[in-house]
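For reference, the chains in residue letters:
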Amino acid sequence: MELKRILGETCQTYGWTLHAIEIMPDHVHVFVQADHTTAPVEIAKTMKSISAVHIFSTFKDLKKRRFWGSGLWSDGTFYSSVGGASEEAVKQYIATQKQRG
């Protein structure tokens with residue numbers, strides 16, 4: 001899928017590790033590891049910006065049909081650290097999101 005590719009390339013470009021990704025109809029789950037000096041808000045902002053520009057330039061009719069007057073991404077974002085969960089538990093959670101509906 002194009003969005004997964006774009007977000008993966010963005011992570012590579014910025015030196016972030018993309019551990020897991022799942023694209024849902026109305027949101028995206030992304031598990032990213034970055035240097036401790038990189039704020040989560042900067043990661044989300046960068047990923048949203050680069051992916052929106054790429055998607056709208058690649059699929060020119062998309063903005064006319066579905067996103068007229070709006071952007072690809074909403075302003076909202078949820079961040080969480082892995083904390084007490086293991087890396088594998090987070091990956092499993094993301095991988096099963098489509099099954100949960």
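Please refer to the structure higher up on the page.
Model, not experiment: these values are computed from the prediction. (Residues numbered from 1 in each chain as written. Predicted model: local features only at pLDDT ≥ 70, side-chain atom pairs only at ≥ 80, totals over all residues. Heavy atoms only, no water.)

## Considering the overall build of the protein chain
The helix and strand tally for the protein chain stands at 5 helices and 2 strands. Reading the protein chain from its N terminus to its C terminus gives the helix and strand order α-β-β-α-α-α-α. Residues classed as buried in the protein chain amount to 29% of the 101 residues present. Counting only contacts in the protein chain whose residues sit at least 6 apart along the sequence, the fraction spanning at least 24 positions is 51%. Of the roughly 7,100 Å² that the protein chain leaves accessible, carbon and sulfur atoms contribute 54%. Taking the 12 positively charged and 10 negatively charged side chains of the protein chain as two groups, their mean positions are separated by 8 Å. (Helix = DSSP H or I, 4+ residues; strand = E, 2+ residues; numbered from the N terminus. Buried < 20%, exposed > 50% of the residue type's maximum accessible area, 1.4 Å probe, protein only. Contact = heavy atoms within 4.5 Å. Areas by Shrake-Rupley, 256 points an atom, 1.4 Å probe, with all protein chains shown as cover. Lys, Arg positive; Asp, Glu negative; His and termini not counted. Charge placed at Lys NZ, Arg CZ, Asp CG, Glu CD.)

## Observations regarding the environment of Tyr14
Mapped onto the fold, Tyr14 is located in helix H1 (residues 2-14). As for Tyr14 and Asp61, which are separated by 47 residues in sequence, their C-alpha atoms are 29 Å apart.

## A short note on the pairing of strand E1 (residues 17-23)
In this sheet, strand E2 (residues 28-33) lies alongside E1 in antiparallel orientation, the contact comprising 6 bridges. Across the sheet, residue Ile23 finds its bridge partner in E2, namely Val28. If you look at the hairpin formed by E1 and E2, you'll find 4 residues sitting between the two strands. (Pairing = 2+ DSSP bridges.)

## Structural notes on the nonpolar core
Within the largest apolar cluster, 8 residues are counted, these being Leu3, Leu7, Cys11, Trp16, Ile21, Ile23, Ile43 and Met47. When residues of this core are assigned to their parent elements, the largest contribution, 3 residues, is made by H1. If sequence neighbours within four positions are ignored, Leu7 has contacts with Leu18, Ile21, Val28, Val30, Met47 and Ser51. (Core = buried A, V, L, I, M, F, W, Y, C linked by side-chain atoms within 4.5 Å.)

## Structural notes on helix H2 (residues 40-58)
The first and last C-alpha atoms of H2 sit 27 Å apart over 19 residues, in line with the 27 Å expected at 1.5 Å per residue. Among the residues of H2, those classed as buried are Ile43, Ala44, Thr46, Met47, Lys48, Ser51, Ala52, Ile55 and Phe56. (Expected span 1.5 Å × (residues − 1).)

## Overview of the pattern of salt bridges
A complete count under the given rule lists 5 salt bridges for this structure. For Glu87, the salt bridge identified is with Lys91, shortest N-O distance 3.0 Å. One end of the pair, Glu87, and the other, Lys91, are both in helix H4 (residues 87-95), 4 residues apart, so they sit about a helical turn from each other. When the shortest N-O distance is used, the salt bridge between Lys91 and Glu88 registers 3.7 Å. Of this pair, Lys91 and Glu88 both sit in helix H4, 3 residues apart, roughly one helical turn. In this structure Lys91 comes out as partly exposed when scored by relative accessible area, which is 24%. Members of the salt-bridge network, linked through shared partners, are Glu2, Arg5 and Glu9. (Salt bridge = Lys/Arg side-chain N within 4 Å of Asp/Glu carboxyl O.)

## A look at the packing of H1 against H2
Two elements in contact, H1 and H2, have axes whose closest approach is 10 Å; the angle formed by their N-to-C orientations is 130°. By the angle between their axes, H1 is oblique relative to H2. Two packed elements cross with a definite hand, and for H1 against H2 that hand is right-handed. Across the interface between the two elements, Glu2, Leu3, Arg5, Ile6, Leu7, Thr10, Cys11 and Tyr14 from H1 touch Thr46, Met47, Ile50, Ser51, His54 and Ile55 from H2. Classifying every residue of the contact of H1 with H2 by side-chain character gives 8 nonpolar, 4 polar and 2 charged. (Axes fitted to C-alpha atoms, helices over the stretch in contact; angles between N-to-C directions. Parallel < 35°, antiparallel > 145°, perpendicular 65-115°, else oblique. Left-handed = near helix turned anticlockwise from the far one by under 90°. Nonpolar A, V, L, I, M, F, W, Y, C, P; charged D, E, K, R; others polar.)

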